[in-house]
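Next come the chains, spelled out residue by residue.
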Amino acid sequence: MDQKYNLTQEGLEKLKKKYEELKIRQAENIIAIQEARGQGDLSENADYDAAKDAQRDIAAELKDIENKINNAVIITSTEHNNLGKFITVRFLDENEEETYHLVGTIEADPLVNKISDLSPLGKAIINAKQGSTVRVKTEDGEQFDVLIVKISKK
């Protein structure tokens, strides 16, 4: 059974765009291979080797993205599930607030506050209600509490 990938509609569109860009790179790479072949002896042709390596890498990435697109499950948040929503939490130990976009694992990017539903914080807040306090358990066994300040769709 293929793995399913939780994605926002925006995340799916980004994957499709990346796929199209890779298809263009793949076509350009084929030309590079043909040009390198024209240089003669392939056994000592660094350009040819580099182009073949790039071809392999592009093909693998295309296959991976195609699999994710074909097995994408568009996130639809519900009353009972915060997936795809923006959640503002207050870290009670530090009394600091931060807003996170709760997304699937392949869209997660902590640098822009997109956190995975499978991360410790994501697991703790996925079913939380606004105004509730939840305990976050990290992989190394630490625990801390966060207050769910606000939940919104944007």
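Structure first, text after, so check above.
In this report, the structure presented in the accompanying data block is examined. On a predicted model such as this, the values are computed, not experimentally measured, just so you know.

**Points about the packing of aromatic side chains**
- Within this structure, the stated rule accounts for two aromatic pairs.
- Ring geometry for Phe91 versus Tyr100: centroids 6.5 Å apart, planes at 85°, classification edge-to-face. When sorted by exposure, Phe91 lands in the same class as Tyr100, which is buried.
- The interplanar angle of 40° and the centroid separation of 5.9 Å between the aromatic rings of Phe91 and Phe144 together place this pair among those described as tilted. Of this pair, Phe91 sits in strand E3 (residues 86-91) while Phe144 sits in strand E7 (residues 143-152), placing them 53 residues apart in sequence.
- Looking at Phe91, the relative accessible area reads 16%, which means it is buried.

**With respect to the sheet that holds strand E5 (residues 114-116)**
- An order of E5-E4-E3-E7-E6 is seen for the five strands of this open sheet, with the pairing classed as mixed. Each end of this open sheet is capped by a strand with a single partner; those strands are E5 and strand E6 (133-137). On average, each strand axis in the sheet is tilted by 45° relative to the strand beside it, whichever way the strands run.

**A look at the packing of helix H1 (residues 9-37) against helix H2 (residues 46-70)**
- Direction vectors running N to C along H1 and H2 enclose 160°, while the axes themselves pass 9 Å from each other. Classified by the angle their axes make, H1 and H2 are roughly antiparallel. Remark: the crossing between H1 and H2 carries left-handed chirality.
- Counted by class, the contact of H1 with H2 contains 15 nonpolar, three polar and 10 charged residues.

**Details of H2**
- Helix length check: H2, at 25 residues, gives a terminal C-alpha distance of 36 Å against a target of 36 Å (1.5 Å per residue), a fit within 8%.
- When H2 is considered as a whole, its buried residues turn out to be Tyr48, Ala51, Ile58, Leu62, Ile65 and Lys68.
- Considering only its buried residues, H2 is in contact with strand E1 (5-7), H1 and strand E2 (72-74).

**A word on the environment of Asn29**
- Relative to the elements of secondary structure, Asn29 occurs in helix H1.
- Residue Asn29 is classed as buried on the basis of its relative accessible area of 9%.
- With 47 residues separating them in the primary sequence, Asn29 and Thr76 have C-alpha atoms 38 Å apart.
- Excluding anything up to four places from it in sequence, Asn29 contacts Ala51, Ala54, Gln55 and Ile58.

**Looking at the pattern of salt bridges**
- Within the structure shown, the criterion is met by seven salt bridges.
- Glu61 is the salt-bridge partner of Lys18, the closest N and O atoms lying 3.1 Å from each other. Of this pair, Lys18 sits in helix H1 while Glu61 sits in helix H2; the two residues are 43 residues apart in sequence, bridging distant segments of the chain.
- Here Lys18 falls in the partly exposed class, since its relative accessible area comes to 39%.
- A salt bridge links Arg56 to Asp53; its shortest N-O distance comes to 3.2 Å. Here Arg56 pairs with Asp53, and both are found in helix H2, just three residues apart, close to one helical turn.
- Note on Arg56: relative accessible area 51%, which makes it exposed.

**Comments concerning the side chain of Asn82**
- Here Asn82 lies in the loop between E2 and E3.
- Among residues more than four places away in sequence, those in contact with Asn82 are Ile87, Leu102, Ile125, Ile126, Asn127, Ala128 and Ile151.

Reading the values: rules and limits
- Residues numbered from 1 in each chain as written.
- Predicted model: local features only at pLDDT ≥ 70, side-chain atom pairs only at ≥ 80, totals over all residues.
- Heavy atoms only, no water.
- Phe/Tyr/Trp six-rings, centres within 6.5 Å; stacked < 30°, edge-to-face > 60°.
- Buried < 20%, exposed > 50% of the residue type's maximum accessible area, 1.4 Å probe, protein only.
- Helix = DSSP H or I, 4+ residues; strand = E, 2+ residues; numbered from the N terminus.
- Pairing = 2+ DSSP bridges.
- Axes fitted to C-alpha atoms, helices over the stretch in contact; angles between N-to-C directions.
- Parallel < 35°, antiparallel > 145°, perpendicular 65-115°, else oblique.
- Left-handed = near helix turned anticlockwise from the far one by under 90°.
- Nonpolar A, V, L, I, M, F, W, Y, C, P; charged D, E, K, R; others polar.
- Expected span 1.5 Å × (residues − 1).
- Contact = heavy atoms within 4.5 Å.
- Salt bridge = Lys/Arg side-chain N within 4 Å of Asp/Glu carboxyl O.

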